[in-house]
Amino acid sequence: MITITKEELLKFAHLSRIEIQATEIDSLLKQLNGVLNYAQRVQEIAKPIEESLQKNRNVWRDDVIIKTNPQPLLANAPEQEADYFVVPVVLDNE
Amino acid sequence: MAELAFATIAELKKKLEKKEISKQELLSYCIGRFKKHDPQIESALEIFDDQSVIKASPQDGILSGIPGILKDNIAQKGRKLTCSSKILQGFTATYDATASHNLKKEGALLVGRANCDEFAMGSSGETSAYKKTKNPWNLARVPGGSSSGSAAAVAAGLVPWSLGSETGGSVRLPAAFCNLVGSKPTYGLISRYGLVAYGSSLDHIGVLTRTVYDNALVLSAIASPDVHDSSSRGVKKDYTKSLTEKLPNGLTIGIVDNALHAKGMNSEIAAAIEKAISVFEKLGATVKRINVPTIDYSAATYFIVSRAEAASNLSRFDGVRYGLRADVDTLEQMYSKTRHNGFGTEVKTRIIVGNYVLSAGYAGQFYEKANMVRAMIRADFVKAFKNIDLLVMPTHSIPAFKFGEFDVDKLAMDLQDSFTCSANLAHIPAISVPCGFTSDKLPIGLQLVGPDFSEELLFQVGHAYEQATDWHKQYASL
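Residues numbered from 1 in each chain as written. Chains lettered and ligands numbered in written order. Predicted model: local features only at pLDDT ≥ 70, side-chain atom pairs only at ≥ 80, totals over all residues. Heavy atoms only, no water.

Quick word on the side chain of B:Q460
Residues and elements named next belong to chain B. What counts here: Each helix is a run of DSSP H or I of at least 4 residues and each strand a run of E of at least 2, with the numbering of both proceeding from the N terminus. Here a polar contact is recorded for every N or O atom pair within 3.5 Å, except that within protein the pair must consist of a potential hydrogen donor and a potential acceptor, and residues adjacent in sequence are included only if both atoms are side-chain atoms. Whether two residues touch is decided by their heavy atoms; if any such pair falls within 4.5 Å, the residues are in contact.
Of note, Q460 is situated in helix α16 (residues 455-468). At 3.3 Å, the side chain of Q460 and the side chain of T244 are in polar contact. Residue contacts for Q460: discarding those within four places in its chain leaves S242, L243, T244, K246, L247 and P248.

Structure (structure tokens):
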């Protein structure tokens, strides 16, 4: 039986870069515990299979630079300047 | 023109060819149907203006002048693309998905954007940040998800076809809930270029229609090789050619007993499928009862693999390049706050579960084990297909349920994918076809599942079954 603690939830929420508010914690814990406790049944039967049955293969193409106008893409950004996306300050001046 | 609403693509093509109706008239008719009925059904997030729709598809092809709608996670150049999420509010697609491109090349008219579960995560359509699509068969019930709007629009007779997408059954499940044909072809047959990624090793584009012929026709339009999708294995061919109205000689069908008799299976659904099996026998098929034991573990496997891949794919929504951005001081806060405000609860939960099963402490218990079971599931199918040509399984265990029915038990909602997700995990093709109704007049679907690239066989068998029954001729009354 898996029981995720509040601390673990907040740790994985932080790793996921998702802010969690106090009012959300209980229902998230319930959902997480529900799905993980169900999912862990894979351990009952999991064993490695020797032969590969996958028929998939990668489809390659030449890596060619295609010049495109960046403006339509930049126009979707919340904030942009010249040919750049603008983000909050990353490095402190001090 | 009432008969137009539920006309098949095949019938509409004839009407257009005979000039009984013009392209413009048909389009106006469909847009008029949306205006009249969609305030009630809420299948579409947007219906485009008719002139821009016609202008986008100037060429003639196998779908010339036939209107349809695309799930709002498939890019249509110059149109908004939201995945029914607030985080993509205001985003405009800068290019066409290969599926959209191919449809336009074949003359199809793309009339709008269909509502869906947020980022295609859900089995009911209820996680959309914008609206709750109703099931045209019963407005108090869900149409199934995640391709909720795509299914409801076709079932309500607003358009004759739509595209959905599925990672664990999001085309076949709403097809079954809405009395439609829903197909998920072999992994790679339809390029995913321009489909917003959720679980890349499981994601497929699929087709929803009211008949098997129409489904095969739309697949013929969109399947193609594509250098933009490294998993693409598409070939251009006419998938309607195999529809002979007969089963192939010597066809052996395997009934997946452990699915049909699974715990919680609705008795009316099981009875409808048993009845369908007797139809296959009458049509000349040899029927064998088999077990595919690993299917019982497919939902657990799917939960782990899909959430893990979602956690990775959805990390791109960070407030930098598109959509929503929270107005805060630091970069770190911007990521966390934007994702808090922009994602709904279901999406947040799946991302957090994904990072949990991938984390150093738990990957061995979860992600690695799930990948082993995934290979075992495929091996089980490959083994089954040595002695039989295709499998019959239920698509769903319960009929379309009421809104909010699973609000307190989300796991039960997630388990709606139990019979569909094994085909996504194994990369094999599957179609759901109508096979009856419950006593409450709720549609029932059955699945035909075949080996890699057996679409033509699935369509042939589905079509033969359809000709022997009349479920597909029953329409929701609005």
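There's more to say after this.
Considerations on the pattern of salt bridges
All names here are of chain B. Keep this limit in mind: Salt bridges are identified by distance alone: a Lys or Arg side-chain nitrogen within 4 Å of an Asp or Glu carboxyl oxygen. Three exposure classes are used, based on accessible area relative to the maximum for each residue type with a 1.4 Å probe and protein chains only: buried under 20%, partly exposed in between, and exposed over 50%.
Summed over all chains, the structure comprises 21 salt bridges over all chains. Two residues, D257 and R289, come together in a salt bridge whose shortest N-O distance is 3.6 Å. In this pair, D257 is assigned in helix α8 (residues 257-260) and R289 in strand β8 (residues 286-290), connecting sequence segments 32 residues apart. Given a relative accessible area of 41%, R289 falls into the partly exposed group.

Considering the interface of chain A and chain B
Frequently, the measure chosen for interface size is the accessible area removed from exposure when the parts meet. What counts, and what does not: By definition, the buried area sums, over both parts, the 1.4 Å-probe accessible area that each loses when the two are put together. Each residue receives one of three labels: charged for Asp, Glu, Lys and Arg, nonpolar for Ala, Val, Leu, Ile, Met, Phe, Trp, Tyr, Cys and Pro, and polar for the others, Gly being one of them.
Between chain A and chain B, the residue contacts involve 54 residues of the former and 67 residues of the latter. Of the roughly 5,300 Å² buried at the junction of chain A and chain B (both faces included), carbon and sulfur atoms supply 64%. Counting every contact that joins chain A to chain B gives 4 salt bridges. Close ionic contact of A:E79 with B:R325 constitutes a salt bridge, the shortest N to O distance being 3.4 Å. Seen at the junction of chain A and chain B, the total is 18 residue pairs in polar contact (both at pLDDT 80 or more). Per element, the largest residue contribution to the side of chain A that touches chain B is 9 residues, and it comes from helix α2 (residues 25-39) of chain A. Counted by class, the side of chain A that touches chain B contains 31 nonpolar, 11 polar and 12 charged residues.

Regarding a nonpolar patch on the surface
Here is the rule: What goes into a patch is any residue over 30% in relative accessible area without a salt bridge, connected to like charges within 9 Å or, for nonpolar side chains (Val, Leu, Ile, Met, Phe, Trp, Tyr), within 5 Å. Each accessible area value is a Shrake-Rupley result obtained with a 1.4 Å probe; residue values ignore everything except the protein chains displayed when judging cover.
Together, A:V87, A:V90 and A:L91 make up a nonpolar patch on the protein surface, roughly 290 Å² of accessible area in all. Topologically, A:V87 is positioned in the segment after β2 (84-85).

Digging into the packing of α2(A) against helix α10 (residues 298-313) of chain B
Here is the rule: The axes are straight lines fitted to the C-alpha atoms, using for helices just the contacting stretch, and the angles between their N-to-C directions are given from 0 to 180°. An angle below 35 degrees is read as roughly parallel, one above 145 as roughly antiparallel, one from 65 to 115 as roughly perpendicular, and any other as oblique. Each crossing is labelled by how the near helix is turned from the far one, with a counterclockwise turn of less than a right angle marking it left-handed and a clockwise turn marking it right-handed.
Viewed as axis vectors pointing N to C, α2(A) and α10(B) meet at an angle of 125°, and their least axial separation amounts to 8 Å. Looking at the two axes, α2(A) sits oblique to α10(B). For α2(A) against α10(B), the interelement crossing comes out left-handed. Across from A:V35, A:Y38 and A:A39 in α2(A), the residues of α10(B) making contact are B:A299, B:A300, B:F303 and B:I304. Grouping the amino acids of the contact of α2(A) with α10(B) by side-chain chemistry returns 7 nonpolar, no polar and no charged.

Details of the confidence of the model for chain B
Put simply, the rule reads: You can read pLDDT as the predictor saying how much it trusts each residue, on a scale of 0 to 100.
For chain B, mean pLDDT is 97; residues scoring 70 or higher make up 100% of the total. Here the predicted complex carries an ipTM of 0.93, next to a pTM of 0.97.

Focus: the sheet that holds strand β2 (residues 67-71) of chain B
Residues and elements named next belong to chain B. Cut-off, in case you're wondering: Any two strands between which DSSP finds at least two bridges are classified as paired.
Ordered in space as β1-β3-β2-β4-β6-β5-β10-β11-β9-β7-β8, the 11 strands form an open sheet in which the pairing is mixed. Each edge of the open sheet carries a strand with a single partner, namely β1 (44-47) and β8. Across the sheet, the mean angle from the axis of one strand to that of its neighbour is 30°, orientation sign disregarded. Of the pairings in the sheet, the one linking strand β9 (residues 390-394) to strand β11 (residues 443-449) comprises 4 bridges and is antiparallel in character. Across the sheet, P394 pairs through a bridge with L446, a residue of β11. Sheet contacts for helix α9 (residues 267-282): β7 (252-256), β8, β9, β10 (430-437) and β11; angle to β11, the most-contacted strand, approximately 50°. Sitting on the sheet, α16 touches β5 (181-184), β9, β10 and β11, and the angle it makes with β10 is about 10°.

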